[in-house]
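Below are the chains, spelled out letter by letter.
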Amino acid sequence: MCVVTELCHHFAKRYPKKFVSIGHPISVILVLVATPFFFTLQMFYIAPKIFNDVLYKIYWVVAIFITYNILGNMIFCYLYNSSVERLPKEGKLPVPEEEHLWHYCEICQKLMPPRSWHCALCGCCILKRDHHCLFTATCVGHNNHRYFFWFTFYMTLGTCLSLVTSLVYGIMSGISIPFYDMFYLFMKDTSPTSCSYCQYIILLLNNVACAVPALMLAFQIQIVCHNATYYQIFDRTYDLGFRKNCKLIMGQRGLWTFLSPTLKSPLLHDGTQWQMRPDSKLLNAPKANVN
Ligand SMILES: [Zn+2]
Ligand SMILES: [Zn+2]
């Protein structure tokens, strides 16, 4: 996994335009194909065989809610771009007392707000840049962080649920240790006894589909808890406590935004002025002339 990430970073740095033109469509199509595939598999093949009528109906509601939130948050994350260029004219210049906190971007050739930095793939500076996400085909930053968080959350929840029901179905079909049987795939002279190759491959795919968003969600929980960013995950400069951090990232409705990407939750500010912890080194640093 680390090798793949490093290779992607290397390729993205050397050929940003090529990386975007290849990486974005592949990643987006992967989500758009995998989500309906697992949904159909669950609702028409696995769930009817493991749930009774009442539980099956409840499972339909849960599955639709999760799928709606995966795709909805993915689309909103793409639509709510966090580019500095989207700021109103007056927001692009620092207020005099905060000028020392702004920095100059050599590529954009402009002063940029604190916590924003340049993305080579987007070709612009991003407000409170977290990271560039291939699966939503955009940078995750101040305006769309909420949608990205819930996208990873519902991806993890959906794939975990799918994995659990698939394992239950496997056990009910007579496989006592499903993962042990998977090793049969690599043994030439032995074939699986009670489960088809197809089921093993789907289980394997489900494992991968579960591990990737789960790993990202683990990072994102840490980021939301401490108002940090992906590349500065241990930075506590802007950590104002869990409740305030949630509102800064999710907007005024905080964690209630889990309900729907369409739920209105205005952000507390435009992403240019960031309150620091009173004991922050940056806050107490001597003011330098940015010009
Ligand atoms: Zn820039
Ligand atoms: Zn970007």
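Quick note: structure is the one above.
Residues numbered from 1 in each chain as written. Chains lettered and ligands numbered in written order. Predicted model: local features only at pLDDT ≥ 70, side-chain atom pairs only at ≥ 80, totals over all residues. Heavy atoms only, no water.

A. Fine view of the overall build of the protein. Along the protein, the regular secondary structure elements total 7 helices and 6 strands. From first element to last, N terminus to C terminus, the protein shows the α and β order α-α-α-β-β-β-β-β-β-α-α-α-α. Burial statistics for the protein: of 291 residues in total, 42% are counted as buried. When contacts within the protein are restricted to residue pairs at least 6 apart in sequence, long-range pairs at least 24 apart make up 58% of them. On the protein, roughly 16500 Å² of surface is accessible, and the fraction owed to carbon and sulfur atoms is 68%. (Helix = DSSP H or I, 4+ residues; strand = E, 2+ residues; numbered from the N terminus. Buried < 20%, exposed > 50% of the residue type's maximum accessible area, 1.4 Å probe, protein only. Contact = heavy atoms within 4.5 Å. Areas by Shrake-Rupley, 256 points an atom, 1.4 Å probe, with all protein chains shown as cover.)

B. Examining the coordination of the zinc ion (ligand 2) more closely. Donor atoms from the polypeptide that bind the zinc ion (ligand 2) are Cys119 (SG), Cys122 (SG), His132 (ND1) and Cys139 (SG), placed at 2.1 to 2.3 Å. Between the 4 donor atoms coordinating the zinc ion (ligand 2), the angles at the centre fall across 102 to 117 degrees, so the site counts as tetrahedral. Linear spacing of the donor residues for the zinc ion (ligand 2) on their chain is C-x2-C-x9-H-x6-C. Given a relative accessible area of 1%, Cys119 falls into the buried group. (Donors = N, O, S within 2.8 Å, 3.2 Å for Na, K, Ca; no water. Tetrahedral: all angles 85-135°; square planar, octahedral: opposite > 155°, others 65-115°.)

C. Spatial organisation of the layout of surface pockets. For the second largest pocket, the calculated volume is near 330 Å³. Forming the boundary of the second largest pocket are 19 residues, of which Tyr80, Asn143, Tyr147, Ser265 and Leu267 lie nearest the centre. Put simply, the parts of the chain that give the lining of the second largest pocket at least two residues each are helix H3 (53-79), helix H4 (145-172) and helix H7 (242-250). Top contributing element to the lining of the second largest pocket by residue count: H4, with 3 residues. Split by residue class, the lining of the second largest pocket holds 10 nonpolar, 6 polar and 3 charged. (1 Å grid on protein atoms, 1.4 Å probe; cavity = no way out; pocket = protein on both sides within 12 Å on 5 of 7 lines; lining within 4 Å. Points joined across faces, edges and corners; volume = space filled by probe spheres on them. Nonpolar A, V, L, I, M, F, W, Y, C, P; charged D, E, K, R; others polar.)

D. Inspection of the environment of Ala12 at higher detail. With respect to the element layout, Ala12 can be found in helix H1 (residues 2-14). A residue is classified by how much of its surface remains accessible, and Ala12, at 11% relative accessible area, is buried. Taking the C-alpha atoms as reference points, Ala12 and Ala120, separated by 108 residues in sequence, lie 8.2 Å from one another. Leaving out residues up to four positions away in the same chain, Ala12 has contacts with Phe19 and Leu121.

E. Focus on the pattern of salt bridges. Taken as a whole, this structure holds 3 salt bridges when the rule is applied. Here Glu85 ties to Lys92 by a salt bridge, and the two come within 3.9 Å at their closest N and O atoms. The salt bridge partner of Glu85 is Lys110, with a shortest N-O separation of 3.4 Å. On the criterion of sequence distance, the pair formed by Glu85 in the loop between H3 and strand E1 (103-105) and Lys110 in strand E2 (residues 110-112) is long-range, its members being 25 residues apart. A relative accessible area of 38% means that Lys110 is categorised as partly exposed. One salt-bridge network, in which partners are shared between bridges, spans Glu85, Lys92 and Lys110. (Salt bridge = Lys/Arg side-chain N within 4 Å of Asp/Glu carboxyl O.)

F. Layout of the side chain of Thr257. Within the secondary structure layout, Thr257 lies in the segment after H7. Taking the relative accessible area as the measure of exposure, Thr257 reaches 0% and is therefore buried. In contact with Thr257, other than residues within four places in its own chain, are Arg146, Trp150, Met250, Leu263 and Ser265.

G. Representation of unusual backbone geometry. Positive phi, close to 40 degrees, is recorded for Lys128, a residue that is not glycine. With respect to the secondary-structure elements, Lys128 resides in the loop between strand E4 (124-126) and strand E5 (131-133). Judged by its relative accessible area of 1%, Lys128 is buried. Despite not being glycine, Asn227 has its phi angle at roughly 50 degrees, a positive value. For Asn227, the position within the fold is in the loop between helix H6 (197-226) and H7. Under the relative-accessibility criterion, Asn227 is labelled buried at 1%.

H. Quick peek at the coordination of the zinc ion (ligand 1). In the first shell of the zinc ion (ligand 1), the protein supplies Cys105 (SG), Cys108 (SG), His118 (ND1) and Cys125 (SG), at 2.1 to 2.3 Å from the metal. In terms of primary sequence, the donors binding the zinc ion (ligand 1) are separated according to C-x2-C-x9-H-x6-C. Taken together, the positions of Cys105 in strand E1 and His118 in strand E3 (residues 117-119) put the pair 13 residues apart, joining distant regions of the chain. Accessibility assignment for this pair places Cys105 and His118 in one class, buried.

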